[in-house]
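# An overview of the molecular structure
If you want the building blocks of each chain, they are given just below.
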Amino acid sequence: MTQDKASRARGDRREAGSGGTRLPYYPGCTLKTTARNLEDSALAVARALGIELVELPRWNCCGVVASLTDDDLMRHLAPLRNLIRVQEANAAGIVEDEMRLVTLCSMCFNTLKRTNARVAERPEDLEKLNDLMYKEEDYEGGVEVVHFLEILREIDPETIRRNVKRPLEGLKVAPYYGCTLLRPKEIGIDDPERPTAQDDIIRELGAEVVDNPRKTVCCGSYQTVANKDAVADLAYDILTHARAAGADVLTTFCPLCAFNLDNRQREVAARHPDFEHMPVLYLTQLMALAFGLGEEACRFDLNFVDPAGVLEASQLVKEES
Amino acid sequence: MSTKTSMMERISESTRSLTTGVDTKDVEHWVTIHIMGRGYRVPADLTIMTAMEFAGYKLIRSCGCRQGFCGACATVFRRKGEYRLETALACQTRVEDGMSLVQIPFVPADAASYDVAAEEYSYTVFSKHYPEVARCVSCNTCTKACPQDLEVMDYVQAAIKGDFEALTEASFDCIQCGLCAIRCPAEIAQYHVAQLGRRMYGRYGSAEPEHLKNRVAQIEQGEFDEALDELVGATKDDLKKRYAARERESD
C-alpha cells in the first residue's frame, strides 16, 4: 500500500457508531482462553453500537513482553506479522480501506503499537524484519493500532446513553488503568499521570466515577508467576485505596491486571485479614449490563470475585428467588 | 490431485534406472552432488534417496516407505550458490547439480506421556505437556521447513489459543518428519504438540462418525465372524489368489 492510500484510509474514516462500521479486530490469546468475559462483552457492546469487530484472519500471539526487548529483533516478528495481516485483510476485502487495528487487551495493544512505532522510527529494522518474513508481503507501515476504548470515546455520548436500558444508578466505579494503556506516553491513549479515558463512559452508563489515587499503579504484571505475595500486596494497596474512595467495583481493560487484582484476592485475603473483596470487571462488562445485553454478554460467571452481591445491593440484577 | 499423480509418476520415472538395472553407459545426463561434503557424480534423474544409494550408501535409517508418506527421510540441503537452507524428503526430491546435502536420521524430541481420556479438553493441555509452545515468536521458520507445505506456525498458534479444530485441520497431513522441530528457534516439537491436539480433538471435539459407530456395532454383533473364519482357514495359494483379485483403487 502506498503512503497515499494509507493516509486516505485514515482520512476517510467513518464515524464509529454511525452504523455498520467494520473494523479489523485483534483478539489475542488470553481473550480466547481465560478472558472470554472481555471478548464476549466487548463484541456485544460493539454490535449494540453499530460497530462490527472483524476478527483478523490468521492472527498470531502479539509477542507480549518479549517483544519489548531492544536487542532481539526476532521478537518483533510476531507483532509485525499481525500488522501485515491487516494489509492482507484489506487486500482480500474482508475490511474496506480500514487500516485501524482494534485491540481489546491493553497488553496486546501496547505490544503491537510499540512495534509499529519502532519500525516507523527505524526503517533499517523494518527492512530486516520484512526480509525475514519470507512469504508475506512487506509491511508498508500504514496500520494504526488503536484500543477499543479510543473507539468508544469517538462515539457520540448520546448514542451510548440511548443504548442504556438499565442505568447503573448508585453504583460507584473506580476506573483502573495500570501501565499498558498509558505508558510509555508516546504509546498511551491518555495522560499517563491523570488518566480519565473511562470516566465519561462510566457516567453515561449512569454510574458514579470514584477517583482512585492508585489507578495508574502497576498491578505487578508477570511477577504474579514467581512472586504471588508481592503481587497480592500490590493488589491489596490498589483495592483498599479504591475501597477507601468509596468504590463498589473496579474496572480495567487488561486481562493480566484483571488476574492480579481479581483472582489474586484469594492470596490478598490470606495475607490481610482486614481485606474486603471487591469485584473487578472489564468496563465492557458494565456496559453490557447497562445496555441490558444479557448474561451471555456480561459473562460475570468468569470473574473470580462474584459481582452479584454488589450489583444486587444496587438493585442492578434481580436477586435469585 | 493431479500434481500428486504427476509427482508420483516423476518419482517412478526417476527410480527406473535403479529398479530396472539400466547400464550407466546409457545414462545421458549427470550431476554432481555433495553428500556430507563429499562429491559424487550421479544420474540427473534420481531422487536424493536413490542418488545416495547410487553413490554407495546403504540406508538403514532415513529411509522408509519411499513414497512420501512415512516421514523417515528428512533431508537438509543447499542449492549451489544459494544462501537458503532448504528441507525436503529425500524420496520426493530430485537431485540438482551442485546440491549439498545431509540426511537427518532422527530428531531427538520427547513425546509427552498422557492419557487422553484423563485430560481436560482445554487449552491448558498444551501448557501442561508442552509449555514451550508459549515461546513461539511467530518467526514462521517451521512453516518454511515443512516438506508437506503445512502452515505449521498457524497450528502452533491455534494450540496457544486452544483452537483444537483449527489445529487439527492445519496439521492433519503431518508425517512427523521432525524438520520443523529441528529448525525452531523456540525449541518447540511442533509435531508432538499437533498430535496431542488431534488426539484431544478426536476424542472430545469432533462428532462421532455415524458409519464408524455402525461398523463397530456390526463387528460386535459378529456380522463378519464367518468371513473372517473363512480367511483364517484359507490356504496360502487361495489367499494369494484372493489378494490378486481383490477390489482396489487404480494405480
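Residues numbered from 1 in each chain as written. Chains lettered and ligands numbered in written order. Predicted model: local features only at pLDDT ≥ 70, side-chain atom pairs only at ≥ 80, totals over all residues.

### Remarks on the environment of A:Glu39
Residue and element names in this part refer to chain A. Basically, it comes down to this: By definition, any uninterrupted DSSP run of H or I lasting at least four residues is a helix, any uninterrupted run of E lasting at least two residues is a strand, and each is numbered from the N terminus. A residue is called partly exposed when the number of other C-beta atoms within 10 Å of its own lies between 12 and 20, exposed at 12 or fewer, and buried at 20 or more, with C-beta atoms placed from the backbone. Residues are treated as contacting if the C-beta atoms built from their backbones sit within 7 Å of each other.
With respect to the helices and strands, Glu39 occurs in helix α3 (residues 36-48). Owing to 23 C-beta atoms within 10 Å, Glu39 belongs among the buried residues under this scheme. Once residues lying within four places of it in the same chain are set aside, the contact partners of Glu39 are Pro27, Leu31 and Leu104.

### Things to note about the interface of chain A and chain B
For an interface, size is often stated in terms of accessible area lost upon the parts coming together. For clarity, the cut-off: When residues are sorted by character, Ala, Val, Leu, Ile, Met, Phe, Trp, Tyr, Cys and Pro go into the nonpolar class, Asp, Glu, Lys and Arg into the charged class, and all the rest, Gly among them, into the polar class.
Taken together, the contact pairs 13 residues of chain A with 14 residues of chain B. For the side of chain A that touches chain B, the secondary structure elements donating two or more residues are α2 (29-32) and α4 (77-91) of chain A. Partitioned by chemical class, the residues of the side of chain A that touches chain B number 7 nonpolar, 2 polar and 4 charged.

### Let's talk about the domain arrangement of chain A
Residues and elements named next belong to chain A. Short version of the rule: What fixes the domain bounds is an automatic or database domain assignment.
By the assigned domains, chain A splits into domain 1 (21-149) and domain 2 (167-313). Its C-alpha centre places domain 1 at a distance of 25 Å from the equivalent point of domain 2. Every element with two or more residues in the side of domain 1 that touches domain 2 is listed here: α3 and α5 (106-121). Sorting elements by how many residues they give to the side of domain 1 that touches domain 2 places α3 first, with 9 residues. Here the residues of the side of domain 1 that touches domain 2 sort into 13 nonpolar, 7 polar and 4 charged.

### With respect to the sheet that holds strand β2 (residues 38-43) of chain B
Residues and elements named next belong to chain B. Under the convention used in this document: If DSSP finds at least two bridges between two strands, the strands pair. Orientation is described by axes fitted as lines to C-alpha atoms, over the contacting stretch for helices, and by angles from 0 to 180 degrees between their N-to-C directions.
Within the open sheet, the 5 strands sit side by side as β2-β1-β5-β3-β4. Their pairing is mixed. Edge positions in the open sheet fall to β2 and β4 (86-89), since each of these has one partner strand only. When the angles between neighbouring strand axes are averaged without regard to direction, this sheet yields 35°. In terms of strand pairing, strand β1 (residues 30-35) meets strand β5 (residues 100-103) through 2 bridges, oriented parallel. Directly across from Ile35, in β5, lies its bridge partner Leu101.

### A few points about the environment of A:Ile189
Residues and elements named next belong to chain A. Mapped onto the elements of the fold, Ile189 is located in the loop between β5 (172-175) and α9 (199-204). The partly exposed category is assigned to Ile189, around which 19 C-beta atoms lie within 10 Å. Separated by 39 residues in the primary sequence, Ile189 and Glu150 place their C-alpha atoms 7.3 Å from one another. Ignoring anything within four residues of it in the chain, the contact list for Ile189 reads His147, Leu149, Glu150, Leu181 and Ala197.

### A look at unusual backbone geometry
Cis geometry marks the peptide bond from A:Arg183 to A:Pro184; its omega dihedral reads -10°. Unlike most non-glycine residues, B:Ser62 shows phi in positive territory, near 60°. Unlike most non-glycine residues, B:Asp149 shows phi in positive territory, near 55°. Relative to the helices and strands, B:Asp149 is located in the loop between α4 (141-145) and α5 (152-161).

### Some points on the domain arrangement of chain B
Residue and element names in this part refer to chain B. The domains assigned to chain B are domain 1 (2-103) and domain 2 (116-205). At the junction of the two partners, domain 1 supplies 8 residues and domain 2 supplies 7 residues. Ranked by residues supplied to the side of domain 1 that touches domain 2, first place goes to β4 with 3 residues. Residues belonging to the side of domain 1 that touches domain 2 are distributed by class as follows: 5 nonpolar, 3 polar and no charged.

### Quick word on the pairing of β5(A)
All names here are of chain A. Put simply, the test is: The path from the first strand over the helix to the second decides the hand: if it runs clockwise while the strands point away from the viewer, the crossover is right-handed.
Sheet topology note: the β5/strand β6 (residues 208-209) ladder contains 2 bridges and is parallel. Residue pairing for β6: Lys172 is matched across the bridge by Glu208. Read from β5 through α9 to β6, the crossover connection turns out right-handed.

### Points about the environment of A:Ala174
Residues and elements named next belong to chain A. Relative to the helices and strands, Ala174 resides in strand β5. Overall, the presence of 27 C-beta atoms within 10 Å leaves Ala174 in the buried class. The spatial distance from the C-alpha of Ala174 to the C-alpha of Arg122 is 39 Å, given a sequence separation of 52 residues. Among residues more than four places away in sequence, those in contact with Ala174 are Val210, Asn212, Lys215, Ala242, Ala245, Ala247 and Leu250.

### Some points on helix α8 (residues 190-205) of chain B
It helps to recall that an α-helix has 3.6 residues per turn; residues three or four apart then point in one direction. Listed as buried for α8(B) are B:Gln190, B:Tyr191, B:Val193, B:Ala194, B:Leu196, B:Gly197, B:Arg198 and B:Met200. Elements that come into contact with the buried residues of α8(B) comprise α3 (124-129), α4, α5, α6 (164-171) and α7 (179-183) of chain B.

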